[in-house]
Each structure stands twice: as structure tokens, then as C-alpha cells.
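Each chain, letter by letter, is given below.
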Amino acid sequence: MIDEQLSQIKELKWLPWIGDRYNSISFDNKLLIVGESHYHDNTPDSIKKHKSPMFTREVIEELAIKRWYYGTKIFPNLHKALFRNDEFDSSTFWNLVSFYNFIQQPMETNKGRPVYDDFYNSWFQFLEIIKLLKPKTCLFIGTSAANSLAHAIQDTEFTTDGVNREDYISNAYAKTAILKDKDNNETQLIFIRHTSQMLSWSSWNEYLQKKIPNELAWFDEQLKNV
């Protein structure tokens, strides 16, 4: 049912990952992790994979759960920023959360970077995603999307009081915002340094412990009960 609703979102290329337990947990613990970009390497096989609407879900299965990192640091650094280690039961964690890739078109090389318009245009699909997934918190891997938030939502049913620039960690400012829908329901947005880059995951963990302490404690409890 949810995939049918998702498929109606205009220009949504990849379905988000939705953990098996995500819809059954309380709103207070609902976390949507937001990746920035997918990259293909211009080979026929890579291009074919990126055309599948299931591609984001395959990435989570392979890189996040099975830990087939292929030399990338995105998920091991993310895991450490959340839990200070990368040795927990990944299947348990990822079945409690959802994951969405913000830019809904692939970069053509792993050195390619989205531009302002890529981020701006991507907010419209994201707003439809959160209407369906209803997360309490969205944790963005990367801070660049925050720069176009206020501009993008001007003519939507959503409002924000603006983006706050917070702690300066690993050469990046953490950013936060609160999105409100037409019924005044709030979604918390947290933007951290992109975890593919060099970063002090311990410092980012300290920051996240300040921002979402109850959620992280709840996830810790679930991981201990495996």
C-alpha cells in the first residue's frame, strides 16, 4: 500500500527504504535518515542499476546492513556518529528506521556534486515523503540541502522559522530547522557533515546526544535486546 502511494509522487525516482518495524514504532522514535546523492560510474551495469526504483533500498541492504562498504565511509562513519561504534546488529537498527535519498537523479561520477537547483528542486519530493512516513526527526547526511529550504517551501503548505546554524564540528556547522505542516505538526530536521568525508565522528556523536538523546537511548535499548 505505501509503495503505491509513494509511486504517485511526481519525479520520485527511487523508493525510500522503510524498515520492517518502522511503521509500528511510536512517533517519538521515528527517524528518517536522508542521504544526499547516488553516483553511477557511467558503465552500462551501473547505469542500469540506477534506473531501478528499488536502488536506494538495495544500497541500504548492501552497504548499511551487510556492510559491503566498497571503500566508502558513508555508513561506517554514520554508524559511529550515532552509536560510537560500527559493531552493533545493523539489521535490527535499519529495520527500525527509514532512509531516503534527497537528490532524485544520479551524479555521473563520484566526484560530481549537486548544485543549488538540484537541492532546491528536491525539497518538493521530500515534503511528499514526510507526509507519508511521518518521521519525528530527519537526519540529513550533509548540510547543503539546508541552504535552499526556506526558498523551496515558500509556496507549499509547510512553514519554518528558518535554519539555525549550531556547533562547528569537523569544518562544518551543524544546522537545524523545524518544519510545520498546515495542521501545525512539527518535523525536526538535523543536518550534519557528510559522513563520506573526514570527520570527528565522536564529536558528532556528542552533538547528536545533545539533540536527540531520548531517541538514541531508545535505539541503544533495542540493540541491547537482540
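Residues numbered from 1 in each chain as written. Predicted model: local features only at pLDDT ≥ 70, side-chain atom pairs only at ≥ 80, totals over all residues. Heavy atoms only, no water.

Asker: It is not clear to me how the packing of aromatic side chains should be interpreted in this structure. Could you clarify?
Answerer: In this description, an aromatic ring pair is defined by two values, namely the gap between the centres and the angle between the planes. Scanning the entire structure with this criterion turns up 23 aromatic pairs. Geometrically, the ring pair formed by Y100 and F126 is tilted, given 6.4 Å between the ring centres and 40 degrees between the ring planes. Separated by 26 residues along the polypeptide, Y100 in strand β3 (residues 98-101) and F126 in helix α6 (residues 116-133) bring together distant segments of the chain. Given a relative accessible area of 0%, Y100 falls into the buried group. With relative accessibility at 0%, the residue F126 sits in the buried group. Centre to centre, the rings of F102 and W123 are 4.9 Å apart; their planes meet at 75 degrees, and the pair counts as edge-to-face. Of this pair, F102 sits in the loop between β3 and α6 while W123 sits in helix α6, placing them 21 residues apart in sequence. Comparing F102 with W123 shows no difference in burial state: the two are buried. Site record: aromatic cluster; members linked through ring pairs are F75, F83, F88, F93, W94, F99, W218 and F219. Lying over the aromatic face of F88, R67 brings its terminal NZ or CZ to 5.3 Å of the ring centre. (Phe/Tyr/Trp six-rings, centres within 6.5 Å; stacked < 30°, edge-to-face > 60°. Helix = DSSP H or I, 4+ residues; strand = E, 2+ residues; numbered from the N terminus. Buried < 20%, exposed > 50% of the residue type's maximum accessible area, 1.4 Å probe, protein only. Lys NZ or Arg CZ within 6 Å of the ring centre and 35° of its normal.)

Asker: Whenever I open this one, the nonpolar core confuses me. Can you help?
Answerer: In a soluble, globular protein the nonpolar side chains are often hidden away together inside. Ranked by size, the top nonpolar core spans 37 residues in total, and within it I33, F75, F93, W94 and L208 carry the most contacts. For this core, the secondary structure elements donating two or more residues are β2 (31-35), α3 (55-65), α4 (74-83), α5 (90-94), β4 (137-141), β8 (186-192), α8 (201-211) and α9 (213-224). For this core, the leading source of residues is α3, giving six residues. Other than its neighbours up to four places away in sequence, I33 contacts L78, F93, W94, V97, S98, F99, Y100, L139 and I141. With 30 residues, the next largest nonpolar core counts L12, I130, A152 and I153 among its residues. (Core = buried A, V, L, I, M, F, W, Y, C linked by side-chain atoms within 4.5 Å. Contact = heavy atoms within 4.5 Å.)

Asker: Got a minute to help me understand the pattern of salt bridges in this structure?
Answerer: Pairing is possible between side chains that carry opposite charge, provided their charged atoms lie close to one another. Going through the model one piece at a time under the given rule, you end up with nine salt bridges. Between D86 and R67 there is a salt bridge, with the nearest N and O atoms lying 3.0 Å from each other. Taken as a pair, D86 in the loop between α4 and α5 and R67 in the loop between α3 and α4 lie far apart in primary sequence, 19 residues in all. Looking at D86, the relative accessible area reads 16%, which means it is buried. Among the residues examined, R67 registers a relative accessible area of 24% and is labelled partly exposed. A salt bridge links K210 to D167; its shortest N-O distance comes to 2.7 Å. Of this pair, K210 sits in helix α8 while D167 sits in strand β6 (residues 164-169), and the two are 43 residues apart along the sequence. The exposure class of K210 is exposed, given its relative accessible area of 54%. Looking at D167, the relative accessible area reads 29%, which means it is partly exposed. (Salt bridge = Lys/Arg side-chain N within 4 Å of Asp/Glu carboxyl O.)

Asker: Explain the environment of Q8 to me, please; I cannot follow it from the model alone.
Answerer: Inspection of the secondary structure puts Q8 in the loop between α1 (2-6) and β1 (17-18). On the accessibility criterion, Q8 (65% relative accessible area) is exposed. In sequence terms Q8 and E128 are 120 residues apart; their C-alpha atoms lie 9.7 Å from each other.

Asker: Teacher, can you tell me more about the pairing of β6 here?
Answerer: Each regular strand displays side chains that alternate between the two surfaces of the sheet. As defined by bridge partners, β6 adjoins strand β7 (residues 172-180) across four bridges and the pair is classed as antiparallel. Bridge pairing in β7 places Y168 opposite Y173. (Pairing = 2+ DSSP bridges.)

Asker: Just to check I follow, could you spell out the environment of I178 for this structure?
Answerer: In this fold, I178 is placed in strand β7. Through-space distance from the C-alpha of I178 to that of E87 is 32 Å; in sequence the pair is 91 residues apart. With residues near it in sequence (within four places) discarded, I178 still touches T159, T160, D161, E186, T187 and Q188.

Asker: Please explain α9 as it appears in this structure.
Answerer: Owing to its 3.6 residues per turn, the α-helix aligns residues three or four sequence positions apart on the same side. Look at α9: 16 Å from first C-alpha to last across twelve residues, which is about the 16 Å you get at 1.5 Å a residue. Those residues of α9 that fall on the buried side of the exposure criterion are E215, L216, F219, Q222 and L223. In a view along the axis of α9, the buried residues occupy a sector of 120 degrees, so they form one face of it. Opposite the buried face of α9, by more than 90 degrees, sit the exposed residues N214 and K224. In this structure, the buried residues of α9 make contact with β2, α4, α5, β4 and α8. (Expected span 1.5 Å × (residues − 1). Arc of directions from axis to C-beta.)

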